[in-house]
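Notes for the structure review
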Amino acid sequence: MAQNPDTRPPESDPRTFDIVVIGAGPVGENIAQYATEGTELTSVLIEAELVGGECSYWACMPSKALLRPVDVVETAHHLPGVTGAQLDRDALLRRRDYWVSDYNDAGQVGWAEGAGIPVIRGHGRLSGERQVTVTTAEGEVLVTARRHVVLATGSSPTVPELYAGVAAWGSRDATGVREIPARLVIIGGGVVACEAATWLRALGSRVTLLVRGDRLLDRAEPAAGEHVRQALTEAGVTVRFGAEVTECVREEVADTGLGRIHGGPVTVRLGAEELVADEILVATGRRPRLADVGLPEDAGDAPEWLIAVGDASGEAPLTHWGKYRARVIGERIAAAASGRTPQPVPEQVPVPQVVFTTPQVAWVGLTEQAARDAGHDVEAIEVPWGAASGASLLREDAHGMAKLVVDRATHRVLGASFVGPEAGELLQAATIAIVGQVPTEVLRHAVPSYPTASELWLRLLDGLPTEFRWPA
Ligand SMILES: Cc1cc2nc3c(=O)[nH]c(=O)nc-3n(C[C@H](O)[C@H](O)[C@H](O)COP(=O)(O)OP(=O)(O)OC[C@H]3O[C@@H](n4cnc5c(N)ncnc54)[C@H](O)[C@@H]3O)c2cc1C
């Protein structure tokens, strides 16, 4: 929207910036940087908690810091030639604390300021066109955007009403764990539930996973959830499907703080059946955090000056996806300001995702069912993880699978899934194949090294019918 020059705030106003970003998570940081890089534009970050966001302190970083040693120890137990590997609980929690910088964001603030992006600490709220009122410790500050206000406010957990009065653990408690509940019930069967079950079981909790549906990780290929169920069960987790919780009660609730047990025992009722646990973790999903940012109830289409990105946008709630979108949108803003044509965005940009359970689950693009539902005529090929010796070498009992979903009309990859040790490392090749629209006939000439897990690609491509292997 063109701006009336008469209403432009003076350039020297210290509270006026070209881009005002509410939320300094990874996505906010990226858009503040990319929208201004190589231009005269200015941006500011408004942050209510810690610069670095959920990802750095309560989500990706601490969860992966906890999971890696768990995976290494578990793998070592299945590698003849290695003895004595065991988890050191205190050292593991210290490793987590190190990776979350002891919940101190000085490093990230330093990065922002070094990049010429000031940080205002406080809660930001839209208060007019291109205007944000920030409630800081010192009072309210009005910040004005010459061009855009960006909502990079992330997401918040959705907690069903049933659990409202029991001070249940959320994902922040699970990643910030300090007291290990002897008996833990986890509600949910998605990524957070499966990952948290993995590290909390390894730390000593007796975990019961209550899943409403009939499988784990229901956005992945069905076989993926089954491999994870099998592994969790072998690790001692009780996985129950079709579990409808009817009541949840905790007599004594205590304000003990993050990662500590929040009171007395919790009773979970499933009809007539009763389960008693020392803590309950509710991991039933997240929604964009837009409730307290001053959006009008009947917002309709957002005006051109207002942009939502990252988890706040409702797109795939993944750090790498939000950061990618922030780069694309940021570069567009920077290009518009400098009269440049923005970089074109490829036709197909699929969303990759890795679940850091043992075994890992990784997929990109469409599952077979999603591709069929979208109207594609597909050829799907699946091979067991052990089909390549490089994959089997990773641990003695390696199980999992690799799957390709290919479009019959174009011979291009629509989706790929890998389940197995370090499976996440196989994913980028599939992402490149999809973005580059490489047909299977050409992919066959991308020779994987022997003996690596990447040779699963050979098995997949060789398993396709002849017409996908030789140009017509
Ligand atoms: C347990 C767990 C593990 C995860 N693991 C992974 C993983 O391994 N890989 C992956 O890709 N994704 C993972 N995710 C998802 C990932 O955390 C999010 O996709 C990512 O954090 C989104 O980044 P964001 O910048 O959009 O939001 P956030 O990281 O949530 O940042 C938003 C920021 O905005 C601030 N804010 C909100 N409202 C206001 C306001 N009104 N005023 C001022 N500041 C405000 C918040 O304080 C916060 O700092 C995980 C999520 C969870 C819960």
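For every chain, the first residue of the written sequence is number 1, and numbering continues from 1 along that sequence. Residue-level local features of this predicted model are given only where pLDDT is at least 70; pairs of side-chain atoms are given and counted only at 80 or more, and the full residue set underlies all totals for whole chains, interfaces and linings. The side-chain quantities take in all heavy atoms of the structure and omit both hydrogens and water.

Thoughts on a nonpolar patch on the surface
- Only residues whose relative accessible area exceeds 30% and that form no salt bridge enter a patch; like-charged residues are grouped when within 9 Å of one another, and nonpolar side chains (Val, Leu, Ile, Met, Phe, Trp, Tyr) when within 5 Å. Residue burial considers only the protein chains on display, and all accessible areas are found by Shrake-Rupley using a 1.4 Å probe. Salt bridges, as used here, are contacts in which a Lys or Arg side-chain nitrogen is within 4 Å of a carboxyl oxygen on Asp or Glu. Together, M61, Y98 and W99 line one region of the surface with nonpolar side chains, adding up to about 360 Å² of accessible area.
- Exposure classes here rest on a 1.4 Å probe applied to the protein chains alone. A residue is buried below 20% of its type maximum, exposed above 50%, and partly exposed in between. For Y98, a relative accessible area of 62% puts it in the exposed group.

Focus on the nonpolar core
- Working definition of a nonpolar core: buried Ala, Val, Leu, Ile, Met, Phe, Trp, Tyr and Cys residues. They are joined through side-chain atoms within 4.5 Å. Ranked by internal contacts, the top residues of the largest apolar core, which has 36 residues, are W199, L200, L209, L216 and V361.
- Mapped by element, the contributors of at least two residues to this core are α3 (60-76), α4 (89-99), β8 (183-187), α7 (191-202), β9 (206-210), α8 (222-234) and β18 (360-365).
- In terms of residues, this core owes the most to one element, α7, which gives six residues.
- What L200 contacts, discounting residues up to four positions off in sequence, is W169, A174, V177, L184, S205 and V207.
- Counting residues in hydrophobic clusters, the runner-up holds 29 residues, among them A388, L404, A430 and I434. Secondary structure elements follow DSSP: runs of H or I of four or more residues count as helices, runs of E of two or more count as strands, with numbering from the N terminus. Only heavy atoms matter for contacts: two residues are in contact if any of them lie within 4.5 Å across the pair.

Let's talk about the pairing of β8
- Among the five residues in β8, four count as buried, and that is most of the element.
- For two strands to count as paired, DSSP must find a minimum of two bridges between them. In this structure, β8 lies alongside β9, joined through five bridges in parallel fashion. Across the sheet, residue I187 finds its bridge partner in β9, namely L210.
- Look down the strands so they point away from you; if going from the first strand over the helix to the second traces a clockwise path, that crossover is right-handed. Crossover handedness for the path β8 to α7 to β9: right-handed.
- Bridge count for β8 against strand β14 (residues 279-282) is four bridges, and the pairing is parallel. Across the sheet, residue L184 finds its bridge partner in β14, namely E279.

Quick look at the environment of G170
- One can find G170 in the loop between β7 (155-157) and α6 (171-175).
- Residues G170 and G375 lie 205 residues apart in sequence; the distance between their C-alpha atoms is 38 Å.

Brief notes about the packing of helix α1 (residues 26-34) against helix α9 (residues 319-338)
- Think of each axis as a best-fit line through the C-alpha atoms, taken over the contacting stretch in the case of a helix, with angles from 0 to 180 degrees between the N-to-C directions. It is at 8 Å that the axes of α1 and α9 come closest, and there the two elements cross at 20 degrees. The angle between α1 and α9 falls in the class roughly parallel. Considering the relative orientation of α1 and α9, their crossing is right-handed. Taken together, the residues of α9 that come into contact with α1 (itself represented by P26, V27, N30, I31 and Y34) are T319, G322, K323, A326, R327, I329, G330, E331 and A334. Roughly parallel means an angle under 35 degrees; roughly antiparallel, over 145; roughly perpendicular, 65 to 115; everything else is oblique. Two helices crossing with the near one rotated counterclockwise from the far one by less than a right angle form a left-handed crossing, whereas a clockwise rotation gives a right-handed crossing.

Digging into helix α12 (residues 427-435)
- Of the residues making up α12, those classed as buried are L427, A430, T431, A433 and I434. Projected down its long axis, α12 shows its buried positions confined to an angular sector of 160 degrees, all on one face.
- Summarising the contacts, the buried residues of α12 are in contact with β17 (352-355), β18, β21 (413-420), α13 (440-443) and α14 (456-463). As used here, the arc belongs to the directions running from the helix axis to the C-beta atoms.

Concerning the sheet that holds strand β13 (residues 273-277)
- Taking strand neighbours across the sheet as the criterion, the three strands line up as β11-β12-β13 in an open arrangement whose pairing is antiparallel. On the outer flanks of this sheet lie β11 (247-250) and β13, each paired with one strand and no other. Averaged over neighbouring strand pairs, the angle between their axes works out to 20 degrees when direction is ignored.
- Looking at chain direction, β11 and strand β12 (residues 266-270) are connected through four bridges and run antiparallel. Directly across from C248, in β12, lies its bridge partner V268.

Observations concerning the packing of α3 against α7
- At a minimum axis separation of 10 Å, α3 and α7 run at an interaxial angle of 55 degrees. With respect to each other, α3 and α7 are oriented oblique. The way α3 lies across α7 gives a crossing that is left-handed. The residues of α7 that touch α3, namely those facing S63, K64, L66, L67 and V70, are E195, T198, W199 and A202.
- Polar here means any residue outside two lists: the nonpolar Ala, Val, Leu, Ile, Met, Phe, Trp, Tyr, Cys and Pro, and the charged Asp, Glu, Lys and Arg; Gly therefore counts as polar. Residue composition of the contact of α3 with α7, by class: five nonpolar, two polar and two charged.

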